[in-house]
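# Understanding the architecture of this molecule
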Amino acid sequence: MSPVTVVTGGSRGIGAATARRLAAAGHHIVLGYHGNHAAARAVLADVHAAGRRGAAVPGDTAEPTDVVRLFDAAAEFGQLTGLVNNAGVGGSRTGPLADLRVEDLRRVIDVNLVGYLLCAQQAARRMSAGGAIVNVSSGAATLGGPNEYVHYAATKAATDALTVGLSKELGPRGIRVNTVAPGIIDTEFHAGVGNPDKATAAAARIPMGRAGTAEEIAGAIAWLLGPDSSYASGAILRVAGGL
Ligand code: NAP
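Naming follows an unreviewed UniProt entry, where the chain appears as SDR family oxidoreductase of Plantactinospora siamensis. Quoted verbatim from the Sequence similarities (unreviewed entry) field of UniProt, the annotation for the chain is "Belongs to the short-chain dehydrogenases/reductases (SDR) family."

## Brief notes about helix H1 (residues 13–24)
Compared with the 16 Å implied by 1.5 Å per residue over twelve residues, the 17 Å span of H1 between its first and last C-alpha is a close match. Taken together, the buried positions of H1 are Ile14, Gly15, Ala16, Ala17, Thr18, Ala19, Leu22 and Ala23. Contacts from the buried residues of H1 go to strand S1 (4–7), strand S2 (28–33), helix H2 (37–49), strand S4 (82–85), strand S6 (176–182) and helix H9 (214–225).

## Examining the site of the ligand
Taken together, 33 residues lie near the ligand, and Ser11, Arg12, Gly35, Tyr152 and Thr187 sit nearest. With respect to the ligand, the backbone of glycine 59 contributes an N or O atom lying 3.4 Å from a nitrogen atom. Bound to the protein, the ligand loses 95% of the 910 Å² it would expose on its own. Sorting the residues of the shell around the ligand by element identifies H1, helix H4 (102–126), helix H6 (150–170) and helix H7 (189–192) as the ones contributing at least two each. Examining the composition of the shell around the ligand, we find that three residues originate from one element, H4, more than from any other. Residue composition of the shell around the ligand, grouped by class: twelve nonpolar, 16 polar and five charged.

## Some thoughts on the pairing of S1
Every other side chain in a regular strand lies on the same face of the sheet, so the side chains alternate between the two faces. Side chains Val4 and Val6 project from S1 onto one buried face, and the interleaved Thr5 and Val7 project onto a second face that is buried too. Pairing analysis gives four bridges linking S1 to S2, with the strands arranged parallel. Each bridged residue has a counterpart across the sheet, and for valine 6 the counterpart in S2 is valine 30. Tracing the backbone out of S1, into H1 and back to the parallel element S2 gives a crossover that is right-handed.

## Regarding the pattern of salt bridges
Tallying each qualifying case throughout the model produces nine salt bridges. Aspartate 72 serves as the salt-bridge partner of arginine 126, at 2.8 Å between the closest nitrogen and oxygen. With a gap of 54 residues between them, arginine 126 in helix H4 and aspartate 72 in helix H3 (residues 64–75) connect regions that are remote in the sequence. In this structure arginine 126 comes out as partly exposed when scored by relative accessible area, which is 25%. Among the charged side chains, a salt-bridge network with shared partners connects Arg101, Glu103 and Asp104.

Reading the values: rules and limits
- Residues numbered from 1 in each chain as written.
- Predicted model: local features only at pLDDT ≥ 70, side-chain atom pairs only at ≥ 80, totals over all residues.
- Heavy atoms only, no water.
- UniProt positions renumbered as here; feature names shortened; annotations may be inferred.
- Helix = DSSP H or I, 4+ residues; strand = E, 2+ residues; numbered from the N terminus.
- Expected span 1.5 Å × (residues − 1).
- Buried < 20%, exposed > 50% of the residue type's maximum accessible area, 1.4 Å probe, protein only.
- Contact = heavy atoms within 4.5 Å.
- Near = heavy atom within 4 Å.
- Polar contact = N/O pair within 3.5 Å; in protein donor to acceptor, adjacent residues only side chain to side chain.
- Areas by Shrake-Rupley, 256 points an atom, 1.4 Å probe, with all protein chains shown as cover.
- Nonpolar A, V, L, I, M, F, W, Y, C, P; charged D, E, K, R; others polar.
- Pairing = 2+ DSSP bridges.
- Right-handed = clockwise from strand over helix to strand, strands pointing away.
- Salt bridge = Lys/Arg side-chain N within 4 Å of Asp/Glu carboxyl O.

Right under this line is the structure:
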């Protein structure tokens, strides 16, 4: 039986690369996305071209009913075996904490933390032995995002704590939970926070001298979802070019 994996934020960036990679490795894919229908359709077409089944489900991971709908869609393809908890935002405004508005803080926390918790909860309820969850956090969890988005960094540190705790809850049931913590990756995420040139501009302070690609993160996620990592649980795998 083919694995059935939910990838949140699967329409663009890291999630899209992950969906494509997992489909090529034999997973049926249910990708969640917020509103970019054309991008989601393109990823789904590649899933089908790889010979796998799948669906693209719009919704907001911060909304419990949307999250249930996403996981119900996955149930159409069989037993849920994987979750890539990835849909995240940096917030429409960034800057020193003192300058940010309450609504900026709340939205980032709602999507990046409440959304991850709601998705992990559905996976915990629906998975059986052999299942695996990969939470996508960020190198910001330890770097802190000063003068840019400390609230975002805080949600990513919380994601790492989610991995540690949930791996202990679900280990006895044979379900593994791990984190991939990317460094600066060249996706549209940075345009979303008003800093479209970040991947290029940051290259000089990254030990490897360049930003990463979404495909390089997808490789780490695929490893943590697959049988080659069968004894890894509660791990925080930093993939950040040395940053
Ligand atoms: P991205 O290119 O901006 O893509 C974001 C994805 O999340 C899109 O598929 C988007 O859907 C979806 N999404 C956003 N808000 C959502 C919501 N409320 N409900 C459902 N889906 C939602 O971002 P990315 O760079 O691939 O980042 C993916 C993850 O990696 C995030 O958790 C981010 O924090 C983390 N990360 C990124 C970097 C980086 O440098 N890029 C570094 C470290 C960690 P639509 O297409 O419909 O908008």
